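Residue-level structure breakdown
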Amino acid sequence: AGFVGAANVGDAAAGDAVGTYTGTMTLIEVSKDSGANYTTLFSGSQAVNIASASAGAAVAGLVSGVDLEAGTYDTVRVTLGANLLLKGYVNFGTTTIYTNNDADGFGDNGGGGADNPNNGGTAYAVSTFTIPLASRTQTFTGLSLPVSREDPRTCTVSFNTAGVITQSGGTPSVGAPSVSITSR
């Protein structure tokens, strides 16, 4: 058997998810055969703010110390819970569209500065969004994550939330962050 060991700090968020992009991890699995069979590394319910500087360490901590069969794992599958807590904004011309915890999750400053998140706007707040069922499981393929007792490796998970809030014609939408998984 191999061993999954130490956790590394992942990258902090860059861009428009300003300090809050929290999802609940419910399942983390790995595969050595391109997803034909999976080994569960974590099953439970753990909220992780991937916009924080310690996000990578928090995720890696969920699987730290798991005894894992030796080999090279090429696929990681992560399942999230239904809710995403997000605080961020996107600009549309002179209007700043920001999270404000109302019915649709967004408000705007109408081109003025009073509620602009950059000016400490009072309506700027964390909003809760529902992750569509079809989007709750993400699979990362083409990886090379060797596991061996003779050559222990550290797996690093990094997140970038730049661009997770976008807009089209002034209508905002929320997308997934980019995720990087490496081994060294």
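Nothing here was measured: the structure is a model prediction, and the numbers come from that model. (Residues numbered from 1 in each chain as written. Predicted model: local features only at pLDDT ≥ 70, side-chain atom pairs only at ≥ 80, totals over all residues. Heavy atoms only, no water.)

**Section: the overall build of the protein chain**
Per the secondary structure count, the protein chain includes one helix and 15 strands. Buried positions account for 39% of the 184 residues belonging to the protein chain. Intrachain contacts of the protein chain at a sequence separation of at least 6 include 73% that bridge at least 24 residues. (Helix = DSSP H or I, 4+ residues; strand = E, 2+ residues; numbered from the N terminus. Buried < 20%, exposed > 50% of the residue type's maximum accessible area, 1.4 Å probe, protein only. Contact = heavy atoms within 4.5 Å.)

**Here's the deal with the packing of aromatic side chains**
Taken as a whole, this structure holds one aromatic pair when the rule is applied. Relative to Phe129, the ring of Phe106 has its centre 5.4 Å away and its plane inclined at 45°; by these criteria the two rings are tilted. Of this pair, Phe106 sits in strand S8 (residues 106-108) while Phe129 sits in strand S9 (residues 127-130), placing them 23 residues apart in sequence. Taken individually, Phe106 and Phe129 each receive the classification buried, so the pair is uniform in this respect. (Phe/Tyr/Trp six-rings, centres within 6.5 Å; stacked < 30°, edge-to-face > 60°.)

**A closer look at the side chain of Asn100**
As for its placement among the helices and strands, Asn100 is situated in the loop between strand S7 (95-99) and S8. Residue classification places Asn100 among the buried positions, given a relative accessible area of 18%. Looking at Asn100, its side chain comes within polar contact range of the main-chain nitrogen of Asp102, at 3.2 Å. (Polar contact = N/O pair within 3.5 Å; in protein donor to acceptor, adjacent residues only side chain to side chain.)

**Focus: the pattern of salt bridges**
Scanning the entire structure with this criterion turns up two salt bridges. Close ionic contact of Arg77 with Glu29 constitutes a salt bridge, the shortest N to O distance being 2.7 Å. On the criterion of sequence distance, the pair formed by Arg77 in strand S6 (residues 75-92) and Glu29 in strand S2 (residues 17-31) is long-range, its members being 48 residues apart. By relative accessible area, Glu29 is classed as buried at 8%. (Salt bridge = Lys/Arg side-chain N within 4 Å of Asp/Glu carboxyl O.)

**Topic: the nonpolar core**
In this structure, Tyr21, Met25, Ile28, Leu41, Val59, Val63 and Val76 are the most contacted members of the largest nonpolar core, which totals 33 residues. The residues contacting Leu41, other than those within four sequence positions of it, are Ile28, Glu29, Val30, Leu62, Val63, Val66 and Leu68. (Core = buried A, V, L, I, M, F, W, Y, C linked by side-chain atoms within 4.5 Å.)

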